[in-house]
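One letter stands for each residue in the lines below.
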Amino acid sequence: MHSHTHSHGTRAFATVTLVNLAYTALEAGYGFATNSLVLLSDALHNLGDVLGLALAWGAAVMARRAPTDRHTYGWRRATLLSPLANALLLVAFSGALAWEAIRRFNAPPEIPAMPVMLVAALGIAVNLGAAWLVRDGHEHDLNRRGAFLHLVADAAVSLAAVIAGAGMWWLGWTWLDPVTSLLIGAVVAIGAFGLLRESFDAAMDAVPRTIDQTAVRTFLLDQPGVRAVHHLHIWSLGAGEIAMTAHLVRPDDADHDGFIDALNHALDDQFGINHPTLQIEHGAACEHDHHDRAPHH
C-alpha cells in the first residue's frame, strides 16, 4: 500500500513538472514576442516553480532509496532538504521581480494586452490542474505541501497577470504592469518565508510544530512505574515520520516488553510519533548520564 502511494506521488510530480516546464517555455516565448515583461516575469516565476517541483520530485524518488549500512535511514531527509532549497529559490525570484518592477515605474512600456491575458489565463488552468494532481497528502508531507502551495500561488499569480492585462486593455493603465509585479513578488516572498522557516526547523532536527514536547514528557511520566524522564528528543525523519528517543527510569520492570509495545502504540496514536526508541533504566541514580563524552544539561 505504502509503496503504491509513493509511486503514484512520484508519477504526479513527474507529470506536473513536465507540463509546467512546457507552459513556462510557451509563456517565455510569448513574453519575448510581445515585449511583455509581465509575461516574462510570470514565466521566470514559473521556471522557479519548475525547479522547485523538480527538486520535490527528485526528493520523492530519493526518499524511496533503501537504507544502507552508511545511510541507515535511507535518504528520507531529502524530503526535508528539498523544500529548503525550494524556499530559497522562491525568495530569490521574488526579490528579482520586485527589483524589475521598481525599475519600470519610471516609464512603463506599452504592451499588447490581449495575448498577455490569454497566455496568463492558460497559466491559471495549468497550475490549478497541477495542484489538483498533487493535492493528496499535502497536509502531512512538507514536500508535497511545498509543491501544492506553490502551484496554487502560481494560479493566483497568473490571475493577477490576467487582471493587469484587462486593466491595461480597457483603461490603458500601463503602470498596472510594475504594480502587479510588486504584488506578485510580495505574495511569493511571504509564502516562501513560511516554508523556509518550517523546512529550516526540520533540517535542524527541531521538534515538529504539530507536537508539544511538554505534553509528550508529561505523558511519559504518567506511564505506570516511570519515575523520571530525561534525554527526550523528538524530530522529523522525513515525510510523515517522526522519531523520538528518551531515557525512562523505571525500577520495577517485570512487564518490560509489554510496557514498551503498549507505549509504542500509544505514542503513535496520541502524537503520531512512529519511530520511538526507549532506553529503560532501573537505577534511580542513572550515573551513565553524567560521563563527560555525552554532556546533557
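Residues numbered from 1 in each chain as written. Predicted model: local features only at pLDDT ≥ 70, side-chain atom pairs only at ≥ 80, totals over all residues. Heavy atoms only, no water.

**What to know about the sheet that holds strand 2 (residues 241-249)**
So, step 1. Strand order in this open sheet of three strands is 1-2-3, and the pairing throughout is mixed. The open sheet has two free edges, formed respectively by strand 1 (228-238) and strand 3 (275-281), since each of these has just one partner strand. Direction aside, neighbouring strands of the sheet carry axes that sit 10 degrees apart on average.
So, step 2. Summarising the sheet, strand 2 and strand 3 pair through seven bridges and their orientation is parallel. The residue bridging T245 from the neighbouring strand is T277, located in strand 3.
So, step 3. The sheet strands contacting helix 8 (residues 256-271) are strand 2 and strand 3, and the helix crosses strand 3 at an angle near 145 degrees. (Pairing = 2+ DSSP bridges. Helix = DSSP H or I, 4+ residues; strand = E, 2+ residues; numbered from the N terminus. Axes fitted to C-alpha atoms, helices over the stretch in contact; angles between N-to-C directions. Contact = heavy atoms within 4.5 Å.)

**Let's talk about a nonpolar patch on the surface**
So, step 1. On the surface, M114, L118, W169, W170, L171, W173 and W175 cluster together into a nonpolar patch covering about 840 Å² of accessible area.
So, step 2. Contributing elements (two or more residues each) for the nonpolar patch: helix 4 (113-133) and helix 5 (142-171).
So, step 3. With respect to the secondary-structure elements, W170 resides in helix 5. (Patch = residues over 30% accessible without salt bridge, like charges linked within 9 Å, V, L, I, M, F, W, Y side chains within 5 Å. Areas by Shrake-Rupley, 256 points an atom, 1.4 Å probe, with all protein chains shown as cover. Salt bridge = Lys/Arg side-chain N within 4 Å of Asp/Glu carboxyl O.)

**Things to note about the side chain of S236**
So, step 1. Among the secondary structure elements, S236 is positioned in strand 1.
So, step 2. For S236, the contacting residues outside a window of four places in its chain are R77, L80, D205, A206, P208 and E241.

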